[in-house]
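Architecture at a glance
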Amino acid sequence: MAFTTDHFAAANKNSIEALLTLANTAFASTERLAALNLNTARSLLEDSVANAKTLMGAKDVQEIVALQSGLVQPAIEKVVAYSRSVYEIVSQTQEELTKVVEAQVGEVNKAVSSTLDQAAKQAPAGSDVAVAAVKSAIAAANSAYDSMAKAAKQAVEMAEANVNAATSATVRAVGAASTTAKKKAAA
């Protein structure tokens with residue numbers, strides 16, 4: 001069985017479908033980030049107006065200090081929530097893109113293997129060693145790709161754990177600082 005124009009057409013169709021999937025994933029991610037940014041900006045504006053009104057109602061400097069320290073914690077929590085949301089969107093997008101790329105790599109490997117098998121059948125006697133060497137090289141490349149993919153996944157998991165730990169520590173530190181400031185203002 002020779003490699004025909006039908007094979008090329010199928011390969012092109014698969015490539016176009018993969019590109020469309022990649023583009024749609026990128027657009028969906030961009031839409032989600034834009035919506036998040038708009039909602040965050042709207043919330044920030046509303047909070048700023050409410051905070052300004054609250055501070056303008058203060059009767060003295062001590063009350064302003066107490067009010068400000070009470071406003072810091074919710075603001076930090078919102079910044080942390082925003083950061084987590086951005087991170088989730090980016091992580092999900094990366095995961096979806098990785099799946100598409102892995103599927104494409106799998107298809108390419110199948111096509112190369114099939115083509116190699118066909119070539120081996122039509123190759124002159126004694127070319128078994130060359131075909132085996134090419135198959136071995138392909139297997140080594142696939143193994144290297146799998147190792148890199150696993151290492152990248154582990155790096156992403158470690159980064160996610162570090163981001164979660166850092167954001168939790170930030171919220172706790174701001175909460176503690178806010179509590180200390182309230183105690184000082186009350187004293």
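For every chain, the first residue of the written sequence is number 1, and numbering continues from 1 onward in sequence order. Where totals are concerned, whole chains, interfaces and linings use all residues; where local detail is concerned, this predicted model gives features only for residues with pLDDT of at least 70, and gives and counts side-chain atom pairs only at 80 or more. The side-chain quantities take in all heavy atoms of the structure and omit both hydrogens and water.

1. Observations regarding the overall build of the protein chain
- Secondary structure elements follow DSSP: runs of H or I of four or more residues count as helices, runs of E of two or more count as strands, with numbering from the N terminus. Helix and strand content of the protein chain: 3 helices and 0 strands.
- The helix and strand sequence of the protein chain, counted from the amino end, reads α-α-α.
- To sort residues, take the accessible area from a 1.4 Å probe on protein chains only and compare it with the maximum for the residue type: under 20% means buried, over 50% means exposed, and anything in between is partly exposed. Going through the 187 residues of the protein chain one by one, you find that 11% of them count as buried.
- Contacts: residue pairs with any heavy atoms within 4.5 Å of one another. Counting contacts in the protein chain only where the partners sit at least 6 residues apart, residues at least 24 apart contribute 79% of the total.
- Surface accessibility in these figures is a Shrake-Rupley result with a 1.4 Å probe; residues are shielded only by whichever protein chains are displayed. Split by element, the accessible area of the protein chain, about 13000 Å² in all, is 65% carbon and sulfur.

2. Regarding the pattern of salt bridges
- Salt bridge, as used here: a side-chain nitrogen of Lys or Arg that lies within 4 Å of a carboxyl oxygen of Asp or Glu. By the definition in use, this model includes 4 salt bridges.
- One salt bridge in this structure joins aspartate 47 and lysine 78, with 2.3 Å as the shortest N-O distance. Taken together, the residues aspartate 47 in helix H1 (residues 5-56) and lysine 78 in helix H2 (residues 61-122) connect sequence positions 31 residues apart.
- Residue lysine 110 is joined to glutamate 107 by a salt bridge in which the shortest nitrogen-to-oxygen separation is 3.9 Å. Of this pair, lysine 110 and glutamate 107 both sit in helix H2, 3 residues apart, which is roughly one turn of that helix.
- Judged by relative accessible area, which is 56%, lysine 110 ranks as exposed.

3. A few points about the confidence of the model for the protein chain
- Residues of the protein chain with pLDDT of at least 70 account for 90%, and the chain-wide mean is 82.
- The element-level mean pLDDT for the protein chain is lowest in helix H3 (residues 128-186), coming to 75, with H1 highest at 89. The predictor attaches a confidence to each residue, and that confidence, scored 0 to 100, is pLDDT.

4. Examining H2
- The terminal C-alpha atoms of H2 lie 90 Å apart, and with 62 residues this matches the ideal 92 Å at 1.5 Å per residue to within 8%.
- Where H2 is concerned, the buried positions are Ser69, Gln73, Val80, Ile89, Ser91, Thr93, Val100, Leu116 and Gln118.
- We define a polar contact as two N or O atoms separated by no more than 3.5 Å, with the added condition that, inside protein, one atom must be a possible hydrogen donor and the other a possible acceptor, whereas residues neighbouring each other in sequence contribute only through side-chain atom pairs. Two to three positions downstream of the cap, the backbone nitrogen of glutamine 62 sits 3.4 Å from a side-chain oxygen, assigning the N-cap of H2 to aspartate 60. Between the first and last residue of a helix there are one fewer steps than residues, each counted as 1.5 Å, and that sum is the expected span.

5. Details of the side chain of serine 29
- Tracing the chain through its elements places serine 29 in helix H1.
- A residue is classified by how much of its surface remains accessible, and serine 29, at 9% relative accessible area, is buried.
- In contact with serine 29, not counting residues within four places along its chain, are Ile89 and Thr93.

6. So, the environment of leucine 71
- Among the secondary structure elements, leucine 71 is positioned in helix H2.
- Relative accessible area serves as the criterion here: at 22%, leucine 71 is assigned to the partly exposed category.
- Placed 23 residues apart in sequence, leucine 71 and serine 48 show a C-alpha to C-alpha distance of 10.0 Å.

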